[in-house]
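# Structural description and commentary
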Amino acid sequence: MAITIYHNPKCGTSRNTLAMIRDAGEEPQVIEYLKTPPSRDELVDLIKRMEIPVRDLLRQKGTPYDELGLGEDKWSDDQLTDFMMEHPILINRPIVVSDKGVALCRPSEKVLELLPEGAVARFVKEDGEVVVGGDKQ
């Protein structure tokens, strides 16, 4: 299975998601999107494939979200996308692309929907939370 993760190694959710992918026996293409941001066309395509509003991909914590006034309703989807291109830290993560679809994997166990069924039976997150995914095949 081909899997890509748009990853931030400083983010616990992103690290847990990557670890679950690897626990499933998959080695994804890892894109550290703060170093190598997606192109505008790639970002627009990811949002479309996730079937979420552009605003739902905006990260608030630890970003210039408030400083830029992005909570205001005046911004169009194109403008919000422009802000994410200018400040990639505004792109929420991790985004995972697999043969089964594309998703913003928050919480990290959302990645189970994108992996082969039953590929992760049990996983322990960094904080000790146990994720039960089903019988490992």
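Residues numbered from 1 in each chain as written. Predicted model: local features only at pLDDT ≥ 70, side-chain atom pairs only at ≥ 80, totals over all residues. Heavy atoms only, no water.

A contiguous nonpolar surface patch, about 250 Å² in accessible area, is contributed by V124, V130 and V132. Summarising the element assignment, V124 is placed in strand β5 (residues 122–124). (Patch = residues over 30% accessible without salt bridge, like charges linked within 9 Å, V, L, I, M, F, W, Y side chains within 5 Å. Areas by Shrake-Rupley, 256 points an atom, 1.4 Å probe, with all protein chains shown as cover. Salt bridge = Lys/Arg side-chain N within 4 Å of Asp/Glu carboxyl O. Helix = DSSP H or I, 4+ residues; strand = E, 2+ residues; numbered from the N terminus.)

Where two aromatic rings form a pair, the distance of their centres and the angle of their planes describe that pair. For the structure shown, the criterion picks out one aromatic pair. With 4.9 Å between their ring centres and 85 degrees between their planes, W75 and F83 make a pair best called edge-to-face. Accessibility assignment for this pair places W75 and F83 in one class, buried. (Phe/Tyr/Trp six-rings, centres within 6.5 Å; stacked < 30°, edge-to-face > 60°. Buried < 20%, exposed > 50% of the residue type's maximum accessible area, 1.4 Å probe, protein only.)

Glancing now at the sheet that holds strand β2 (residues 29–32). Ordered in space as β2-β1-β3-β4, the four strands form an open sheet in which the pairing is mixed. With partners counted over all chains shown, the strands left at the sheet margins are β2 and β4 (101–104), one partner each. Adjacent strand axes in the sheet meet at a mean angle of 15 degrees when their direction is disregarded. Alignment of strand β3 (residues 95–98) against β4, held across four bridges, turns out to be antiparallel. Paired with V96 across the strands is A103, a residue of β4. Lying over the sheet, helix α1 (residues 12–23) contacts β1 (4–7), β2 and β3, oriented at roughly 160 degrees with respect to β1. Packing of helix α2 (residues 40–50) onto the sheet brings it into contact with β1, β3 and β4, and relative to β4 it is tilted by some 95 degrees. (Pairing = 2+ DSSP bridges. Axes fitted to C-alpha atoms, helices over the stretch in contact; angles between N-to-C directions. Contact = heavy atoms within 4.5 Å.)

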